[in-house]
Amino acid sequence: MSQFAQKHLLDIERLCLIDVKEILDRADVFVAQNSSSFRKSAQLAGKTVVNLFYEPSTRTRTSFELAAKRLGADVINVSVDSSSVKKGESLSDTIATINAMQVDAIVIRHKENGVPQFIAPLVKGAVLNAGDGSNEHPTQALLDAYVMRQRKGKLEGLRVVICGDIEHSRVARSNINLLKKFGVDVRLVAPSCFYPRDVDKLGVPVFETMEQGIENADVVMMLRIQHERLAEGEFAMSLKEYHDRFGLNHAKLSKAKPDVMVMHPGPFNRNVEVTSAVIDDPKHSVVLEQVEAGVGVRMACLDLLIGTG
Ligand code: NCD
C-alpha cells in the first residue's frame with residue numbers, strides 16, 4: 001500500500017525521505033517494464049495529462065509524454081509558441097482554461113521561479129514541476145538518484161561532486177536538496193561567478209578548482225552553462241578558458257575514484273563543460289542511462305500522484 005500523500009510534485013524540498021524512496025522503488029518496476037518487449041500498462045487509463053512547456057525541452061518533455069502514454073493516459077502537448085500565450089493570454093487564464101477541461105495532471109516548465117507552486121492551488125489535478133527557472137527540477141534529481149542507486153547500490157556514503165553553473169542550475173538545487181536527505185557528501189566546484197551570493201545556505205562545501213573538488217569522487221555531475229539565464233557581463237571568461245579550468249577531461253577525472261560515474265542532465269555542449277572523450281566513455285559516462293531511467297521515474301511519479309493503485 002502506498003504511503004505517498006503528496007498531491008503535487010513541486011520540488012524536492014517538500015518531499016520527505018520516505019517519499020523519495022517510494023518513488024525510486026516504484027520506478028524499479030517501470031524501468032523493468034520499459035526494457036521488456038511490451039512496454040505499455042493501464043494504470044492511467046482514462047486519465048489526461050497536459051504538458052505545458054514555456055521553455056525549450058527535448059528530453060524532459062518527451063520523457064513525460066512517453067511516461068504518461070506507457071501508463072495508458074491521454075497526453076496533450078500544448079505548444080506555447082502556437083497557443084493563445086502568443087496572443088497575450090496571462091498564465092492564470094491559460095491555467096484556468098486547461099483546468100476547465102478536467103485534466104488530471106499538468107506538467108509545467110517555466111522560466112520564472114515558483115510558477116508550479118503558484119498554479120498548484122488553482123487547479124483540481126496534480127501539478128508536476130518540469131523545471132522552474134533556476135529553482136528546482138525535481139524529476140531530474142529523482143532520476144539522477146535512481147541511476148546512482150542502481151549503479152552504486154545505495155546513496156548513503158557516496159561523494160557526489162556537482163560542477164559548473166551552480167547559480168543558474170535548477171538541476172543542481174534539486175540534486176543538493178535530494179542528496180542531503182540521504183546524508184550524501186555533496187561538493188560543488190565552480191568559478192566564483194557561478195556561485196550564488198548566498199551559497200552558504202546550500203550547506204555544502206564549495207571548491208574553486210576541479211582538482212581539489214573531484215578528489216575521491218564516486219560521482220561527478222557536470223552542468224551546462226545556462227547562457228539564457230546569464231546577465232550581461234556576468235560570465236567574464238572565454239569558453240576556452242572555462243574549458244581549460246572547469247571542463248571535465250580524463251586528466252581531471254583521474255583524481256576521482258577509479259569507478260567514478262560521470263553524469264550530465266543534458267543537453268551538453270561537447271568540449272565546453274565536458275570533453276567528447278569523457279562523455280562518450282562507456283566506463284564512466286551514464287548520460288544515456290539517465291535518459292532511460294527518466295521515463296521510468298516519471299512513470300512512478302505520475303502513477304503515485306494520479307494512478308488508482
Ligand atoms: C536541464 C534543464 O532544463 O534544467 N535539462 C534537462 O531537463 N535535461 C539542464 C539544462 O538545460 O542545462
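Everything discussed here concerns the structure shown above.
This write-up is about the structure you can find in this document. (Residues numbered from 1 in each chain as written. Predicted model: local features only at pLDDT ≥ 70, side-chain atom pairs only at ≥ 80, totals over all residues. Heavy atoms only, no water.)

Here's the deal with the overall build of the protein chain
Stated formally: The way it works is that DSSP assigns letters per residue, a run of H or I at least four long becomes a helix, a run of E at least two long becomes a strand, and they are numbered from the N terminus. Two things to know: the radius of gyration comes from C-alpha atoms, and the globule rule equals 2.2 Å times the number of residues to the power 0.38. Two residues qualify as a contact provided that any one of their heavy atoms is within 4.5 Å of a heavy atom in the partner residue. Calculation of accessible area relied on Shrake-Rupley with a 1.4 Å probe; when residues are assessed, cover is drawn exclusively from the protein chains displayed. For this count, His and the chain ends are skipped, Lys and Arg are scored as positive, and Asp and Glu as negative. To locate a charge, take atom NZ for lysine, CZ for arginine, CG for aspartate or CD for glutamate.
What the protein chain contains, in helices and strands, is 11 helices and nine strands. Here the C-alpha radius of gyration of the protein chain, 19 Å, is about what a compact globule of 309 residues would show, namely 19 Å. Dimensions of the protein chain, computed from C-alpha atoms along their principal axes, come out at roughly 55 × 45 × 35 Å. Counting contacts in the protein chain only where the partners sit at least 6 residues apart, residues at least 24 apart contribute 74% of the total. Summing over all exposed atoms, the protein chain offers an accessible surface of approximately 13300 Å²; the carbon and sulfur share of this is 52%. Between the mean site of the 38 positive side-chain charges and the mean site of the 39 negative ones, the protein chain shows a separation of 3 Å.

A few points about the site of the ligand
Put simply, the rule is: For each residue, the test is whether any non-hydrogen atom lies within 4 Å of the molecule or strand; if one does, the residue is near. In protein, a polar contact means a hydrogen-donor-capable atom and an acceptor-capable atom, both N or O and within 3.5 Å, with residues adjacent in sequence counting only if both atoms are side-chain atoms; elsewhere, any N or O pair within 3.5 Å suffices. Throughout this entry, Asp, Glu, Lys and Arg are counted as charged residues, while Ala, Val, Leu, Ile, Met, Phe, Trp, Tyr, Cys and Pro are counted as nonpolar. The remaining residues, Gly among them, count as polar.
Close to the ligand lie Thr-60, Arg-109, His-137, Gln-140, Arg-170, Val-171, Arg-224, Gln-226, Pro-265, Gly-266 and Pro-267. One nitrogen or oxygen atom from the side chain of Arg-109 is found 3.0 Å from an oxygen atom belonging to the ligand. Between the ligand and the protein, one listed contact pairs a nitrogen atom with a backbone N or O atom of Gly-266 at 2.8 Å. Summarising the interface, the protein chains cover 94% of the accessible area of the ligand, which totals 310 Å² for the free molecule. Of the residues in the shell around the ligand, the class split is three nonpolar, five polar and three charged.

Quick look at the pattern of salt bridges
Condition: By definition, a salt bridge exists where a carboxyl oxygen of Asp or Glu is found within 4 Å of a side-chain nitrogen of Lys or Arg. Partly exposed residues are those whose accessible area sits between 20% and 50% of the maximum for their type, while under 20% is buried and over 50% is exposed, using a 1.4 Å probe and protein chains only.
Within the structure shown, the criterion is met by 20 salt bridges. Residue Asp-25 is joined to Arg-149 by a salt bridge in which the shortest nitrogen-to-oxygen separation is 3.0 Å. In this pair, Asp-25 is assigned in helix 1 (residues 17–34) and Arg-149 in helix 5 (residues 138–152), connecting sequence segments 124 residues apart. For Asp-25, a relative accessible area of 42% gives the class partly exposed. Of the charged contacts, one joins Asp-28 and Arg-149 as a salt bridge, the two residues approaching to 3.5 Å between their closest N and O atoms. Of this pair, Asp-28 sits in helix 1 while Arg-149 is found in helix 5, placing the two residues 121 residues apart along the sequence. Among the charged side chains, a salt-bridge network with shared partners connects Glu-55, Arg-170, Arg-224, Glu-228 and Arg-229.

Brief notes about the nonpolar core
For soluble globular proteins, the rule of thumb is that nonpolar side chains tend to be buried together. For clarity, the threshold we go by: Buried Ala, Val, Leu, Ile, Met, Phe, Trp, Tyr and Cys residues form a nonpolar core when they are joined through side-chain atoms within 4.5 Å.
One finds Leu-128, Leu-142, Met-148, Ile-162, Leu-188 and Leu-248 to be the most contacted residues of the largest nonpolar core, which totals 92 residues. If one sorts the elements of this core by residue count, helix 11 (residues 287–306) sits on top with 11 residues. Here Ile-162 is in contact with Ala-172, Asn-175, Ile-176, Val-186, Arg-187, Leu-188, Val-189, Met-221 and Leu-223, once residues within four sequence places are set aside.

What to know about the packing of helix 1 against helix 11
Basically, it comes down to this: Axes here refer to lines fitted to C-alpha atoms; in helices the fit is confined to the stretch in contact. Angles between the N-to-C directions go from 0 to 180 degrees. Throughout this description, any angle smaller than 35 degrees is read as roughly parallel, any larger than 145 degrees as roughly antiparallel, any in the 65 to 115 degree range as roughly perpendicular, and the remainder as oblique. Each crossing is labelled by how the near helix is turned from the far one, with a counterclockwise turn of less than a right angle marking it left-handed and a clockwise turn marking it right-handed.
Orientation of helix 1 relative to helix 11, taken along the N-to-C sense of each, is 120°, at an axis distance of 7 Å. The orientation of helix 1 with respect to helix 11, classified from their angle, is oblique. At the point where helix 1 passes helix 11, the crossing takes the right-handed sense. Within the contact between the two elements, helix 1 uses Glu-22, Ile-23, Arg-26, Ala-27, Phe-30, Val-31, Gln-33 and Asn-34 and helix 11 uses Ala-293, Val-295, Gly-296, Val-297, Met-299, Ala-300, Cys-301, Asp-303 and Leu-304. Looking at side-chain class alone, the contact of helix 1 with helix 11 contains 11 nonpolar, three polar and three charged residues.

Section: the packing of helix 2 (residues 59–70) against helix 11
At their nearest, the axes of helix 2 and helix 11 sit 8 Å apart, and the two run at 55° to each other. Between helix 2 and helix 11, the crossing angle belongs to the class labelled oblique. In this structure, helix 2 meets helix 11 at a crossing whose hand is right-handed. The segment helix 2 lies against helix 11, with Arg-59, Thr-60, Ser-63, Phe-64, Leu-66, Ala-67, Ala-68 and Arg-70 engaging Val-291, Gly-294, Val-295, Arg-298, Met-299 and Leu-302. Split by residue class, the contact of helix 2 with helix 11 holds eight nonpolar, three polar and three charged.

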